[in-house]
Structure formats: C-alpha cells, structure tokens
Amino acid sequence: GWQFAPDPSDAGAGLGWPTGEAGDTWRPARVPGVFEARPLKSGFDGTVGWYRLTFRGPATGAGMGWALRFEQVRRTADVWLNGVEIGSHRDPYTPFELPATGLRPGVANTLVVRVDNRKGREPREGWWNWGGISRAVSLVPRGPVVLEHSALLPRRRCADGRCRWSVLVDGWLENRSDGVRRPAVAVQLRGGDGSVSRRSSGTRALRPGERVRLRFSVPVRGEPELWSPEDPQMYAASVTTRLGASAVQIDRHRLGLRRVDVRDGMLRVNGRVLDLRGASIQEDVKGRGPALTDADVERTVAELKALGANVTRAHYLLDERLLDRFDEEGILVWSQAPVYHRDELLESAGGRAYELGVLRDTILAARSHPSVITHSVANELSPTPDEDRGTGRWLADAAALARDLDPTLPVSVDLLSYPRIAHQRAYDAYDMLGINSYYGWYEGKAERSTANLGDLAAYLRAMHAKYPRKALVMTEFGAEATDPGPADLKQTFAFQRRYLERNLEIVDRLGFMGGAIYWTVREFAVKPGWDGGAHPEVRDPIHNKGLIAYDGARKPAWKAAQAAFRATPLYRDDPRAVQRAQLSTSTSLLGSTALVGGVLALVLALLALDAWCLRDIWRSLRRDPPEAEVLTLRRVA
C-alpha cells in the first residue's frame, strides 16, 4: 500500500504533502526501496522524495501506545502521522524509533515520510548515494515504561581455578506515563539442555519523563553451552519489563555465550587464537541497491560460505537479517561505524558529537549478536591523529564510549597503511588495528609510497614493532578486474588473482598477523568519477575489486580466494604457548647438560688438588665472601 511522489524542487512541504492528502504525482512504491535503483550519474547528488501509507490502527490497551521503527532511511527522514510531525532522523545507516503520537485505533491513519538524500562534499563516502526507505518499517507496542536498547552481553570470570559465566543486562528505562512508576526487569535464559537461568532487578521510582540506565548480571546455571564459529549454539532469552504484576514489554533475544579478547597481541575466541580469512560486503544488489530482499540476504550468506570465509566486514551497520543469519552460521563480523574520512567534520565539537552519536547507535544495534567480534569506531581517518587534534580527541572519546556500551568486546579502528608513520598515542586506547593495505595497487603519496607490494611485509613488521600488544588484521586489500590479459597488467583478471594470492602469502608468513579480509565479495556502485587505481578514465560507476561482478559472474580470483580460505584453519597454535614450550624444553636440556658437565669438572678439579690446597679452600670459604660483581647485560636486537 505504499506510495511515492518525487519532489525534485523540494516544494512538497509548502504544498500540503505532510497531510498525505495533497499532491497528484503519487504512484505505487515498494518499501524497502530506493528512489532510483540504477546508479545514474544524474542521481548521485540526491533529491527529495515522499512516501505515504494509509493503514488501520490496531487495538490499543489501556496505558499502552505505539512507536514507528525504521530500520534504515537514506539519508534523512522527516515523519508525519495524521498530519502531525512526530520526529526526524539524520543518520542514513542506523535504525531509529519515533513515538506514534496521535495514532487512532480501529480507523484509518496516514503515515507520511519525507526523504532527502541530497549531499555535498561532506561527509565523504566511497559508495553510491542511494536514497529512499531502504529497510523495513514496523509498528511496535510501547507501554507506560519502556526499556530501550536492551542487550545481553556474555562475560566469563575466573578465580581460584574456576570460571563462571554470566550475562550483563544493559539498557535504558524511560517513564513515558504521567505518573511516578517503579519498574522492574526480569531476564530468563533457556539453554538447549533445558537449563534455565533467571534474575530480576528493579529501579528507584521514576518521575514522568525520567530515563535511567539499568545494568545487572544474570549468572548462567548449568554447564555453559558456548557459541563458536564451528558450533554456533545459542540460548533463548526473554527480557520482561514489569510494573507490579503486569508485563508492559517483552523483548526476545538469542544469546551466544562466547569470550572475545586480545592477549599477547592475538585475537581469540573462547581462548583460541583466530586466523581470520574472509571478504567484506556492501549492501548493494543490481536493480535494488541496498533494499535487500530475504533472498538477497540468503544469497549473501551462501556466497560467503561457498567462499570458505570465516569473517566479513562492512563500512556501516549491517541489516539485522544478515546479522541474525551470521549468528546462526558462525560467520564472524568485523562491525564498523560509518565514520569514514571524517577528519574535517571532527574538527568541531558539534561534528565530534554527531559522529559519536553515529558510533553509539551502531554499537547499540550490533552488540547483542555473538557473530560480532569487535566494534571498529572508524575507517581511514588521518594517519597522524596525534597531530590532528580533532581526530585525536574523537578517537579517545570513541574508545571510551565503545568500552562503556560493550565491555565484552575488543575495540578497534581501521587505518590507512602509509609507511614511516611514528607511533601514534591515539591508538594506545585500542585493542586491535585494522590495516587497509593497497600496496602494489595504489601509488600512495610521494613521500609515503605504497606502489610496491614488496614493501608490504616490512610495513607490517614495523606496525607490529610499534604496537606489539595489539592484534593486527588486514581489513582491506583488493585489485580491480574487468578484462582478460597478462598478470603484470592492472585491471586484468590474472593480475587480480595473483595480487590476492601474494597478499595472502605475506600474511601467512607473518605469524603476528591475525588474518586478512578481502575487499569485497561482490562489486557495488561507487561515486561518479571513481578512479579504481588502474586507469585514469572511468568507464562506469562500479567498484570493480569484487570477486563477483555486479551482474553475478564469478571472476577467476574467486577460486583462488576459495582455495586459500578453505586451506586455512579457523584456529592456529598459540605462538606464545609454542614459544613457552620450546623455551621450557631448551632450558631443561640445557640444565641437564650443564649439571652433568659441572659434576665432571668438579670431580676432575678435586682429583688435581692436594690436601694443602683443600685446606686453604676450606679456610677461605669460612671467611666472608668478597662483594659480588654486578654484570649489566645488554640485549642485542
């Protein structure tokens, strides 16, 4: 029942379109959908379009209400219900919810959404500027007290040789009634073996309009059923918000118990060292753009599985349906906020606050998924944040915010891979560094060349030396390919295949690297004037680094990636444990040899001495020994 009307002159508001009754250009539309599903150059700068929907209001119990939830609108949305504006949203990549104020039960209601995807030079983005209601819209019930952003975050604590699992419950309670309320929240976890864990927690009395954060832990009963990529077990969980004996909200979750951390510079899941191999995705399907169907979601999952990928990544929050499926299939997710090349915006306090809001909403939507193994706060900001004060300040605040919202996962940031950059103090707050490397593809800068792939290993070693306790993962690498030709010519399928193989060989040789994620599985639309790095001329606005063409054809590099990914085990030996074992063995052998040699030398020495010598030795031992000499040992690099 959705309808759409274009408004290229942005005159609709003045012509009465917010009421849903004016206008003569309305036509049937599909939601989720976009204004124009073709990446035409004329449409990249954006325009304005209006959506409307008439629906019968559902029955509403006493004290209850409704909210409208939008999973994604690109770029900005202004929303009216029955001619009254109920709110707006400015982030094109995160979900939002608006109170359905004025909704009339049992009769017709009219929802109107003005979508504006016009954009200028900022913010920078490397992908196509799609416009429209690009994900689902739903009507959700809301009571007099609402629990927002509820999450169940697994934690393992060990003491006295015993480890115990618990779940950290986190969310915000808001009193939306006109009276004082004292809510309570009850959590129940049910394992596959039938074990049930329960706990409740209340708050102080909340005044009308008051909002407080609620946090408490639920101990996990019975033998823990751990989620892992090879065995993605999940608990069924319910979070019930109560006022007295009445349940006013019930949220359903699927919880995966797993521990993700970085120790000794290695990324680990449940204590085992990961060796990541995978490819990134962009939500962009030919003919639909980011408005994915359920079939598109399943095809994306199937392609990653067929590739042998154990991890994926995107430049923004992924569709909830994709995250749910990755939870079920055990495909790990390097989750990232869409803070991309935003240094200019981060110079002002207002810009930093806005981008922190983007990060906050991204983490809140991703943190309940066991497939998510890190929260990356940004992508390719200034390579010298210590010198760019706005960026440096924002990175410090971003790391603190990420740890507060999800204390159970490592925090990361993805970097430009320029050589000869000094250690940046701004990264000290982070557990992992993602390295976007295009050595051997892009030229880099005159003083910081990345033209030679042979320089990559040295660069990675230098990064490890500067940040030895941080996990390093190559989060991007790739080469454009559209034509047949020799392997030494950029843009050919043969070059792409060899480039992929050589990058993976370098990562394989360096034991400190935590893995590699190719950019990307499938081609996607990019901005007009895109220079992919091979030819100065641009033939079409398609990012051609994908292993699969925009029309669905697989390139030769697909098989190379598939062979390499499938040949790499998910886990590898812990290098520190191996080192300790080798050291222990060497020390044991050395100690045994030294002991035998020492005894033999002593016996020979004693046989060579006469009684007079032995008497003098005994006398000297009875006196105080001379002050010991102190030898300073210098470690040789």
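Residues numbered from 1 in each chain as written. Predicted model: local features only at pLDDT ≥ 70, side-chain atom pairs only at ≥ 80, totals over all residues. Heavy atoms only, no water.

## Some words on the packing of helix α6 (residues 493–509) against helix α7 (residues 556–567)
Using the following cut-off: Fitted lines through C-alpha atoms serve as axes, helices being fitted only where they are in contact, and the angles separating the N-to-C directions of these axes extend from 0 to 180 degrees. Each helix is a run of DSSP H or I of at least 4 residues and each strand a run of E of at least 2, with the numbering of both proceeding from the N terminus. Roughly parallel here means an angle under 35 degrees, roughly antiparallel means over 145, roughly perpendicular means 65 to 115, and every remaining angle is called oblique. For a crossing to be left-handed, the near helix must be turned anticlockwise from the far one by less than a right angle; the clockwise case is right-handed. The contact criterion used throughout is that any non-hydrogen atoms of two residues lie within 4.5 Å. Here the nonpolar group is Ala, Val, Leu, Ile, Met, Phe, Trp, Tyr, Cys and Pro; Asp, Glu, Lys and Arg are the charged ones; every other residue, Gly included, is treated as polar.
At a minimum axis separation of 8 Å, α6 and α7 run at an interaxial angle of 20°. With respect to α7, the element α6 is oriented roughly parallel. Here the hand of the crossing between α6 and α7 comes out right-handed. Counted together, Phe493, Gln496, Arg497, Leu500, Glu501 and Leu504 of α6 and Pro556, Ala557, Ala560, Ala561, Ala564 and Phe565 of α7 form the full contact between these two elements. Within the contact of α6 with α7, the residues separate by chemical class into 9 nonpolar, 1 polar and 2 charged.

## Let's talk about the pattern of salt bridges
Keep this limit in mind: Just to be clear on terms, a salt bridge is a Lys or Arg side-chain nitrogen sitting within 4 Å of an Asp or Glu carboxyl oxygen. Per-residue accessibility, obtained with a 1.4 Å probe over protein chains only, is compared with the maximum for each type, and a residue is labelled buried under 20%, exposed over 50%, and partly exposed between these values.
Going through the model one piece at a time under the given rule, you end up with 50 salt bridges. Of the charged contacts in the structure, one is a salt bridge between Glu303 and Arg299, with a shortest N-O distance of 3.2 Å. With a gap of 4 residues between them, Glu303 and Arg299 both fall in helix α1 (residues 294–307), about one helical turn apart. When the shortest N-O distance is used, the salt bridge between Arg313 and Asp414 registers 3.0 Å. Of this pair, Arg313 sits in strand β23 (residues 311–313) while Asp414 is found in strand β26 (residues 411–416), placing the two residues 101 residues apart along the sequence. The exposure class assigned to Arg313 is buried, which follows from its relative accessible area of 0%. Taking the relative accessible area as the measure of exposure, Asp414 reaches 0% and is therefore buried.

## Looking at the layout of surface pockets
The cut-off we apply is this: Buried and open spaces are told apart on a 1 Å grid over the protein atoms alone, a cavity being a set of points where a 1.4 Å probe fits but cannot get out and a pocket being an open set with protein on both sides within 12 Å along at least five of seven lines. Residues with an atom within 4 Å of a point are the lining residues. Grid points are joined across faces, edges and corners, and a volume is the space filled by probe spheres set on the points.
Reported here for the largest pocket is a volume of approximately 1,200 Å³. Along the wall of the largest pocket there are 39 residues; nearest its centre are Arg69, His149, Ser150, His253 and Glu320. Contributing elements (two or more residues each) for the lining of the largest pocket: β4 (65–70), β7 (96–99), β9 (137–142), β10 (145–159), β18 (246–255), α2 (320–329) and α3 (349–366). No other element matches β18, which puts 8 residues into the lining of the largest pocket. Taken together, the residues of the lining of the largest pocket break down into 17 nonpolar, 6 polar and 16 charged. Lining the second largest pocket we find 29 residues, and of these Tyr340, Glu380, Tyr438, Tyr442 and Trp530 sit closest to its centre. Per-class residue counts for the lining of the second largest pocket are 11 nonpolar, 10 polar and 8 charged.

Spatial relationships are all this shows, so hold off on functional conclusions.
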